[in-house]
Amino acid sequence: MVDQSTGLGSVLAHTYRGEMDQATTWRSRLDQTTTWAVTVMAAILTWAFSSPDNPHYILLIGLGMLAAFTGIETRRYRDYDVYRSRIRIIQQNLIANALDPSEGVAHSDWRRKLSEDYRRPTLKVPWGEALANRLRHVYLPLFGIMLAAWAFRVSVFTPDQSWLASAAIVVIPGWAVGAVVTAFSVAVVAAAFWPRERRAKGEFREGEFGEWKD
């Protein structure tokens, strides 16, 4: 391709750098969302256990805030994946083939696919897959910590009351609060591990560590 059109090779080189910059920017936005989620969670946990008089439902509010951060990060991940997918297409079909032409290109029509995506940019992964990705990689442990803290707060932290009495929120009985929390927990786990076809482009292949040096 470079032999046929030196101008096109130069354009793709600059394009690759631009896509890398976009992917790095969106990756940093993902990290910022995670940082805010952890900071807010730490502040809520500290306040909830600072005094027995502090209401336990602040931890449930924390769960809601974690859910909001998860939604924000899911949306940002879908945007990040647009640029990451373009980078992988260029790496797999242009750079890899330039280094070793013997194996050919991974996608014979990669230039057409990349051209179509520049003409009509589209999101590459559905919302459910993006949500499952962020849950498994970041937010599922955070939800687990917050749920465990709430269970500890309404049971062990108030030994003079039953957990049903401690879990009640004003006029909402404890059994209803427990049912909602249980349903929420099941929904989060199901969203993280529900079997689905992978749409995101893979980057890493399992293999023996260090075999690439042989």
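Residues numbered from 1 in each chain as written. Predicted model: local features only at pLDDT ≥ 70, side-chain atom pairs only at ≥ 80, totals over all residues. Heavy atoms only, no water.

Novice: Help me understand the overall build of the protein chain in this model?
Specialist: On a plain count of helices and strands, the protein chain comes out with six helices and zero strands. Listing the helices and strands of the protein chain from first to last along the sequence gives α-α-α-α-α-α. For the protein chain, the C-alpha radius of gyration of 24 Å lies well beyond 17 Å, the compact-globule estimate for 214 residues. Burial statistics for the protein chain: of 214 residues in total, 35% are counted as buried. (Helix = DSSP H or I, 4+ residues; strand = E, 2+ residues; numbered from the N terminus. Rg over C-alpha atoms; globule rule 2.2 N^0.38 Å. Buried < 20%, exposed > 50% of the residue type's maximum accessible area, 1.4 Å probe, protein only.)

Novice: What exactly am I supposed to notice about the nonpolar core here?
Specialist: Nonpolar side chains in soluble globular proteins tend to be buried together. L59, L66, Y139 and W150 are the most contacted members of the largest nonpolar core, which has 29 residues in total. Taken together, the elements giving at least two residues each to this core come down to α1 (6–48), α2 (57–99), α4 (127–155) and α6 (174–193). No other element matches the 10 residues that α4 contributes to this core. If sequence neighbours within four positions are ignored, W150 has contacts with H56, L59, L60, A167, V177, G178 and V181. Counting residues in hydrophobic clusters, the runner-up holds 16 residues, among them Y16, A23, A130 and A200. (Core = buried A, V, L, I, M, F, W, Y, C linked by side-chain atoms within 4.5 Å. Contact = heavy atoms within 4.5 Å.)

Novice: Please clarify how the side chain of T70 should be interpreted in this entry.
Specialist: Looking at where T70 falls in the secondary structure, it is placed in helix α2. On the basis of relative accessible area, T70 is assigned to the buried category, the value being 3%. A distance of 2.7 Å separates a polar atom in the side chain of T70 from the backbone oxygen of L66. Ignoring sequence-local partners within four residues, the contact set of T70 consists of L131, L135, Y139 and F143. (Polar contact = N/O pair within 3.5 Å; in protein donor to acceptor, adjacent residues only side chain to side chain.)

Novice: Hey, could you run me through the packing of α2 against α4 in this one?
Specialist: Axes are the key here: two packed helices are described by the angle between their axes and the distance separating the axes. As a packed pair, α2 and α4 sit with axes 9 Å apart at the nearest point and diverge in direction by 165°. For the element pair α2 / α4, the angle class is roughly antiparallel. Along this stretch, α2 crosses α4, giving a crossing that reads as right-handed. When its residues are assigned to classes, the contact of α2 with α4 shows 19 nonpolar, five polar and five charged. (Axes fitted to C-alpha atoms, helices over the stretch in contact; angles between N-to-C directions. Parallel < 35°, antiparallel > 145°, perpendicular 65-115°, else oblique. Left-handed = near helix turned anticlockwise from the far one by under 90°. Nonpolar A, V, L, I, M, F, W, Y, C, P; charged D, E, K, R; others polar.)

Novice: Help me understand helix α3 (residues 110–119), please; the structure alone is not making it clear to me.
Specialist: Residues W110, L114 and D117 constitute the buried set of α3. Seen end-on, α3 carries its buried residues on one side only, within an arc spanning 60°. (Arc of directions from axis to C-beta.)

Novice: Please explain a nonpolar patch on the surface as it appears in this structure.
Specialist: Side chains of Y57, I61 and M65 sit close together on the surface and give an oily, nonpolar patch of about 250 Å² of accessible area. In this fold, I61 is placed in helix α2. On the accessibility criterion, I61 (41% relative accessible area) is partly exposed. (Patch = residues over 30% accessible without salt bridge, like charges linked within 9 Å, V, L, I, M, F, W, Y side chains within 5 Å. Areas by Shrake-Rupley, 256 points an atom, 1.4 Å probe, with all protein chains shown as cover. Salt bridge = Lys/Arg side-chain N within 4 Å of Asp/Glu carboxyl O.)

Novice: Would you mind showing me how to read the pattern of salt bridges here?
Specialist: For side chains of opposite charge, pairing can occur when their charged atoms come near one another. Under the counting rule described, the total for this entry stands at nine salt bridges. Taking the shortest distance from any N to any O, the salt bridge between D81 and R84 comes out at 2.6 Å. With D81 and R84 both in helix α2 and three residues apart, this pair spans about one turn of that helix. Taken individually, D81 and R84 each receive the classification buried, so the pair is uniform in this respect. Residue R86 pairs with D117 through a salt bridge whose shortest N-O separation is 2.6 Å. Of this pair, R86 sits in helix α2 while D117 sits in helix α3, and the two are 31 residues apart along the sequence. Residue R86 is classed as buried on the basis of its relative accessible area, which comes to 7%. What you see here is one network of salt bridges that share partners, running through E19, R86, D117 and K124.

Novice: Can you walk me through the packing of aromatic side chains in this structure?
Specialist: Aromatic rings considered in pairs are described by the distance between their centres and by the relative angle of their planes. Counted by the stated rule, this structure contains three aromatic pairs. Between Y77 and Y80, the aromatic rings sit 6.1 Å apart at their centres with planes inclined by 50°, giving tilted as the arrangement. Taken together, the positions of Y77 and Y80, both in helix α2 and three residues apart, correspond to about one turn of that helix. Plain terms: the ring middles of F143 and F184 are 5.6 Å apart, the flat faces sit at 65° to each other, and that makes the pair edge-to-face. In this pair, F143 is assigned in helix α4 and F184 in helix α6, connecting sequence segments 41 residues apart. (Phe/Tyr/Trp six-rings, centres within 6.5 Å; stacked < 30°, edge-to-face > 60°.)

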